[in-house]
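# Fold and geometry: a report
Next come the chains, spelled out residue by residue.
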Amino acid sequence: MLKRKEFILGAAAGLLVAAGATAGGVISWPGAHAETRPGQIVASAGASGLAFAPPQGAPLSFADIVQQVAPAVVQIEVETPVERPSGMSGIQIPGLPGFIIPGPGGRPADPNAEPELAQGAGSGFFISADGYIVTNNHVVANAKTIKVKMTDGRTLNATLVGRDESTDLAVIKVEGSDFKFVSFEEQADPRVGDWVVAVGNPFGLGGTATAGIVSARGRNIGDNTTPYTDYLQIDAAINRGNSGGPTFDIYGRVIGVNSAIFSPTGGSVGIGFAIPASTAKTITDRLVRGETIQRGYLGVQIGSLEPYRESLNLQPDFKGAYVVEVTKDGPAAKGGLQPGDIVTAINGSAVEDSTDLTRKVAQTAPGDALRLDLMRDGRNQTLTVRSGTRPSNAELNGNGSTEGEPEAPAAPVAGQAVAGLNLAPITPALRSRYDIPDTVNGVVVTGVATGGDRRFQPGFVIMRVGNAPAGSVAVVDNAVKAARAANAKTVFLLVWTPQGNQPVVLDLPKAE
């Protein structure tokens, strides 16, 4: 603080000296009126003739926009049940989820005690005069209490209207009327480089506005909890607590809902992501009407073709989604879909990639008949699958893990050496030894040779090699020999592991 004060005083004294030297004239300094040199680019003054007028398309200030929209933006504070380790207590800092100041310790754990409540904070904005507010699902999920702080100083209790975890959107409501509100601009098509203004509650500091530009569109951020959102990437600074706040264009229209940041440190590094208005309005309108968001469901784990295109001998323009795994007793399994299938179209609409298939299935209603065009074993086929209802993210991720002490390594089993792996047919004894499900077929890895691929472990099962089932060790061996004869350096394998199926591009070592 002292250094800042000294700087201000010193700067003021310097200006006074300069003013005295020019005796009421324009302050001048060396180079202020330097002549231009050949080839030098010189910016022209704005239309107003002012030397510092913004160029065409840039606002002189964001103040009018912020002043106009700020009354519709609110702070949201929640209390959420959390489990505390025994002997610890603490308080949660609003706006800093997961950051707890330790309190007095030594309290024994009480198994009958109510869960302690942690405080969290986020942002939101009114979308109607009668009190409906949009925010992020992760701000209000499982909240026991929700409070809304207005720009006029009022604090109101809010209730949850509805939420959709798959787009990370939620709607809450406060009682009252004549609230200032803003509207989604769902028809807007913001370009990379267009101005944006973000208003919200970072770190519990309400009413914070930041400005920047749209830096990318249609961003897939790799978050499997929100697979239906192509995010706007913005460089207006957003931080923890900005979640659920609006992204405005320079007309004060909501073009996005701030939802995530990319940060190796936990703070803003200038890369933020907003849910586009076209997605947010569709979902929040349904939540306001009291609808439950249901989506179609196949019951498959799918992957991109790109990492495996060459090893699968697919043409550069071939598109589709690779089926890695099929959920037991799910809609896809009942319809005959198999691991290794490549889905190329659904109901006559071409499938670009795995994300496209996920979204096309989600747009169907539970119970709809889905006609799937696919490639299996190098041949085109068509299946009809009855769409199911997509489970919650918790259910989809609730496969669980095996508890207990790890088992001692089993004694090695002999096998035929193929591409640095020891392979053997699956026998009842090996199926029991490695706990391989009855639905998994192929050849089992019994060991890895010196210099072989250490990603493999005894008990893994090679289910497919290239575009064909791995029906025997000889099939895998012949596929490897054919790849070598074609001067290929890799071969594609679909491998069962205890953690799930995995596509693998296996580097071919020198022939054994």
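Refer to the structure above for everything that follows.
Since the structure is predicted, the reported quantities are computational estimates derived from the model, not experimental observations.

## Looking at unusual backbone geometry
Despite not being glycine, asparagine 142 has its phi angle at roughly 65 degrees, a positive value. If you trace the backbone, asparagine 142 turns up in the loop between helix H3 (137–140) and strand E6 (145–149). You will see that alanine 419, though not glycine, has its phi angle at about 50 degrees, which is positive. For alanine 419, the position within the fold is in the loop between strand E23 (416–418) and strand E24 (421–425). Under the relative-accessibility criterion, alanine 419 is labelled buried at 3%.

## Points about the nonpolar core
Grouped together as the largest cluster of nonpolar side chains are 24 residues, with contacts concentrated most on Phe125, Val182, Phe184, Phe248 and Val257. Mapped onto this core, the elements with two or more residues apiece are strand E5 (132–135), strand E8 (169–174), strand E9 (195–200), strand E13 (254–261), strand E14 (272–276) and helix H4 (277–288). Element by element, the count of residues in this core is highest for H4, at 4 residues. Grouped together as the second largest cluster of nonpolar side chains are 22 residues, Leu421, Leu423, Val480 and Ala483 included.

## What about the pattern of salt bridges?
Going through the model one piece at a time under the given rule, you end up with 16 salt bridges. Between aspartate 152 and arginine 154 there is a salt bridge whose closest N-O contact spans 2.9 Å. Classification of arginine 154 by relative accessible area gives partly exposed; the value is 41%. Between aspartate 356 and lysine 360 there is a salt bridge, with the nearest N and O atoms lying 2.8 Å from each other. Placement of the pair is aspartate 356 and lysine 360 together in helix H6 (residues 354–362), with a separation of 4 residues, close to one helical turn. The exposure classification of aspartate 356 matches that of lysine 360, with both residues buried. Each of the salt bridges in this network shares a partner with another, and the network as a whole consists of Glu185, Asp249 and Arg253.

How each quantity is defined
Residues numbered from 1 in each chain as written. Predicted model: local features only at pLDDT ≥ 70, side-chain atom pairs only at ≥ 80, totals over all residues. Heavy atoms only, no water. Helix = DSSP H or I, 4+ residues; strand = E, 2+ residues; numbered from the N terminus. Buried < 20%, exposed > 50% of the residue type's maximum accessible area, 1.4 Å probe, protein only. Core = buried A, V, L, I, M, F, W, Y, C linked by side-chain atoms within 4.5 Å. Salt bridge = Lys/Arg side-chain N within 4 Å of Asp/Glu carboxyl O.

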